[in-house]
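# Summary of structural features
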Amino acid sequence: MRFNEGAGLDTSDVSDLRGSGGGGFGGGRGLAVGGGGLGVVGLIVVVLFQLLGGGSGGTGGSGLTGFGGIGENQSADNSQLAQECRTGADANRSVECAVVADVDSIQDYWTQVLGSRYQRTDTVFFSGQVQTQCGAASSGTGPFYCPADQLVYIDLSFYDELTQRFGAEGGLFVDAYVLAHEYGHHVQALLGISDQVKAGVTGPTSGSVRLELQADCFAGTWANHAETVPDESGQPLIADITDDDIARALDAAGRIGDDFIQQNLGGGQVDQRSFTHGSSEQRQRWFTTGYRTGDPAQCDTFAATDLG
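The numbers attached to residues start from 1 for each chain and follow its sequence in the written order. Local features in a predicted model are, by the rule used here, given only for residues with pLDDT of at least 70; side-chain atom pairs are given and counted only at 80 or more, and totals for whole chains, interfaces and linings are based on all residues. With hydrogens and water set aside, each side-chain value is computed from the structure's full complement of heavy atoms.

## Here's the deal with the pattern of salt bridges
Rules: We define a salt bridge as a side-chain nitrogen of Lys or Arg found within 4 Å of a carboxyl oxygen belonging to Asp or Glu. Buried, partly exposed and exposed residues are distinguished by accessible area as a fraction of the type maximum, computed with a 1.4 Å probe on protein chains only: under 20%, between the cut-offs, and over 50%, respectively.
Here the structure, examined in full by the defined rule, presents 11 salt bridges. Across the salt bridge formed by Asp271 and Arg273, the nearest N and O atoms sit 3.0 Å from each other. According to the relative accessible area criterion, Asp271 is partly exposed, its value standing at 27%.

## Thoughts on the packing of helix H3 (residues 95-114) against helix H6 (residues 207-225)
For any two helices packed against each other, one specifies the crossing angle of their axes together with the interaxial distance. Quick reminder of the rule: Angles run from 0 to 180 degrees between N-to-C directions of axes, and those axes are lines fitted to C-alpha atoms, restricted for helices to the stretch in contact. Every helix listed is a DSSP run of H or I at least four residues long, and every strand listed is a run of E at least two residues long, numbered separately from the N terminus. Here is the rule for angles: anything less than 35 degrees is roughly parallel, anything more than 145 is roughly antiparallel, 65 through 115 is roughly perpendicular, and the remaining ranges are oblique. Throughout, a contact is declared for two residues whenever any of their heavy atoms are within 4.5 Å. Here the term charged refers only to Asp, Glu, Lys and Arg, the term nonpolar to Ala, Val, Leu, Ile, Met, Phe, Trp, Tyr, Cys and Pro, and the term polar to all other amino acids, Gly among them.
Close contact between H3 and H6 brings their axes to 10 Å; oriented N to C, the two are set at 95 degrees. The angle between H3 and H6 places the two elements in the roughly perpendicular class. Contacts between H3 and H6 involve Ser105, Ile106, Tyr109 and Trp110 from the former and Phe218, Thr221, Trp222 and His225 from the latter. Among the residues making up the contact of H3 with H6, the classes are represented as 5 nonpolar, 3 polar and no charged.

## Examining the pairing of strand S4 (residues 129-132)
The side chains of a regular strand alternate between the sheet's two faces. Selection criterion: For two strands to count as paired, DSSP must find a minimum of two bridges between them.
Two elements, S4 and strand S5 (residues 135-138), share 4 bridges in a ladder whose sense is antiparallel. Within the sheet, the bridge partner assigned to Gln129 lies in S5 and is Ser138.

## Some remarks on the sheet that holds strand S6 (residues 144-146)
Pairing between sheet strands relies on hydrogen bonds along the backbone, with the strands arranged either parallel or antiparallel. One open sheet accounts for 4 strands, arranged S2-S3-S7-S6; its pairing is mixed. Unpaired on one side and paired on the other, strand S2 (14-16) and S6 mark the two borders of the sheet. Averaged over all pairs of adjacent strands, the angle between their axes in this sheet comes to 25 degrees, without regard to strand direction. In the sheet, strand S3 (residues 123-125) pairs with strand S7 (residues 151-154) via 3 bridges, with the strands oriented parallel. In the strand pairing of S7, Phe125 is matched with Ile154. Those strands touched by helix H5 (residues 172-191) are S3, S6 and S7, and its axis lies near 20 degrees from that of S6.

## Topic: unusual backbone geometry
With glycine set apart, most residues show a phi of negative sign, and most peptide bonds adopt trans. In this structure, Gln150 takes a positive phi of about 55 degrees despite not being glycine. By the element assignment, Gln150 lies in the loop between S6 and S7.

## Regarding the packing of helix H7 (residues 243-254) against helix H9 (residues 280-293)
Applicable threshold: Here a crossing is called left-handed whenever its near helix is offset anticlockwise from the far helix by less than a right angle, and right-handed whenever the offset is clockwise.
Interaxial distance between H7 and H9 falls to 7 Å at its minimum, and their mutual angle equals 145 degrees. Helix-helix and strand crossings are classified by hand; for H7 and H9 the assignment is right-handed. Two secondary-structure elements touch here, H7 through Ile246, Ala249, Leu250, Ala253 and Gly254 and H9 through Ser280, Arg283, Gln284, Phe287, Thr288 and Tyr291. Classifying every residue of the contact of H7 with H9 by side-chain character gives 6 nonpolar, 4 polar and 1 charged.

## Structural notes on the side chain of Asp155
As a reminder, the rule being used: We treat Lys and Arg as the positive residues and Asp and Glu as the negative residues; His and chain ends play no part in the count. Polar contacts, as counted here, are pairs of nitrogen or oxygen atoms within 3.5 Å of one another; within protein the pair requires one atom able to donate a hydrogen and one able to accept it, and residues that are adjacent in sequence qualify only if both atoms are side-chain atoms.
Inspection of the secondary structure puts Asp155 in the loop between S7 and helix H4 (158-164). Comment: no salt bridge for buried Asp155; closest opposite-charge side chain is Arg18, at 7.6 Å. From its side chain, Asp155 meets the backbone nitrogen of Gly128 in a polar contact 2.9 Å long. Polar side-chain contacts of Asp155 include one of 2.8 Å to the side chain of Ser157.

## Here's the deal with the nonpolar core
Stated formally: Definition used in this section: a nonpolar core is a set of buried Ala, Val, Leu, Ile, Met, Phe, Trp, Tyr and Cys residues joined via side-chain atoms within 4.5 Å.
By size, the foremost hydrophobic cluster in this structure holds 66 residues, and its most contacted members are Phe173 and Trp222. Only H3, S7, H4, H5, H6, H7 and H9 provide two or more residues apiece to this core. In terms of residues, this core owes the most to one element, H3, which gives 10 residues. Excluding residues within four positions of it along the chain, Phe173 makes contact with Met1, Trp222, Ala223, Ile241, Asp245, Ile246, Ala249 and Phe287. Membership of the second largest hydrophobic core comes to 10 residues, among which are Val124, Val130, Phe144 and Leu151.

## Comments concerning H6
Our working rule: Each residue after the first adds 1.5 Å to the expected span of a helix.
With 19 residues, H6 extends 27 Å from end C-alpha to end C-alpha; this agrees with the ideal 27 Å at 1.5 Å per step. For H6, a buried count of 17 out of 19 residues is recorded, marking the element as mostly surrounded by other parts of the structure.

## What about the environment of Asp231?
Positionally, Asp231 belongs in the loop between H6 and strand S8 (238-240). Asp231 sits in the buried class, given a relative accessible area of 12%. Excluding residues within four positions of it along the chain, Asp231 makes contact with Ala7, Gly8, Asp108, Pro236 and Leu237.

## Overview of the environment of Thr121
Mapped onto the elements of the fold, Thr121 is located in the loop between H3 and S3. Spatially, the C-alpha atoms of Thr121 and Val14 are 8.4 Å apart, while their sequence positions differ by 107 residues. Only 2.3 Å separates the side chain of Thr121 from the backbone oxygen of Gln150, close enough to count as a polar contact.

## A few points about the state of the cysteines
Note the cut-off: By convention in this document, the label disulfide applies to cysteine sulfur atom pairs within 2.5 Å.
Taken as a whole, this structure holds 3 disulfides when the rule is applied. Paired through a disulfide, Cys85 and Cys97 show a sulfur-sulfur distance of 2.0 Å. Here the S-S torsion is close to -75 degrees, and the disulfide linking Cys85 with Cys97 is therefore left-handed. Here Cys97 lies in helix H3 and Cys85 lies in the loop between helix H1 (79-84) and helix H2 (88-93), a separation of 12 residues in the sequence. In terms of burial, Cys85 and Cys97 fall into one category: buried. In the protein, the bonded cysteines, numbered by position in the sequence, are linked as 1-2, 3-4, 5-6.

What follows is the structure, given as structure tokens:
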């Protein structure tokens, strides 16, 4: 994946908390649970590969307050990010600038698709731990979307973990797929799709699995259009997505399925009754559906009788 060297980057859709310490785990709150980390946590309090402790899925009394707002003990400072991430050339040399470009492109795409129904929201960069209106989270939570404050959260060290622990091939496009999946959850929240999911229900055809597979499909639709989505100047941020990029994304999708995580990073036994994100094959299938069609209407996993 390559960004247009001369395209401009906009850091206003990122809130960089990395210098603030993220606000800690005050009050004994537990794992943040929202739209689901990319194969790490789900809509319910389930940790698939790492025991981070119990906790509440409630929405009150923590860190960030309101849509895109930064709460007590957490202050965003984008000054260094804005200085370092100005153009597509910066995105081609820096992972964090590439993430800025990804966020711009993904949100420009959904603005095109949904018009006034789409509300832009921030991606929050944090390091180590963070407070959200879904509770407290650590880096081990993985990237996630919190419906309560409608924000995407990521510790950028997850990209290293994806290659080192999960064994994924990785790459800039895989990084973008991770973000596009989480913004898929934001779209689901805006359209009321998330309301169809009953918390606490798991299994291979559960609402939680359907939500995650649809987010993968939505990520695929963005990927289909990414080379043509224009920025404010009318120039696409992304110049090139190769077949190798798509293969790497499918490789990553295969390593964040419930079955892969349970077998390789958990106890070694696959229990479909506890599935919250879908199998590796399902995740690959639905990303591919989105990518091949480029049509979000083909991503209705809730109407599908066969999820793969």
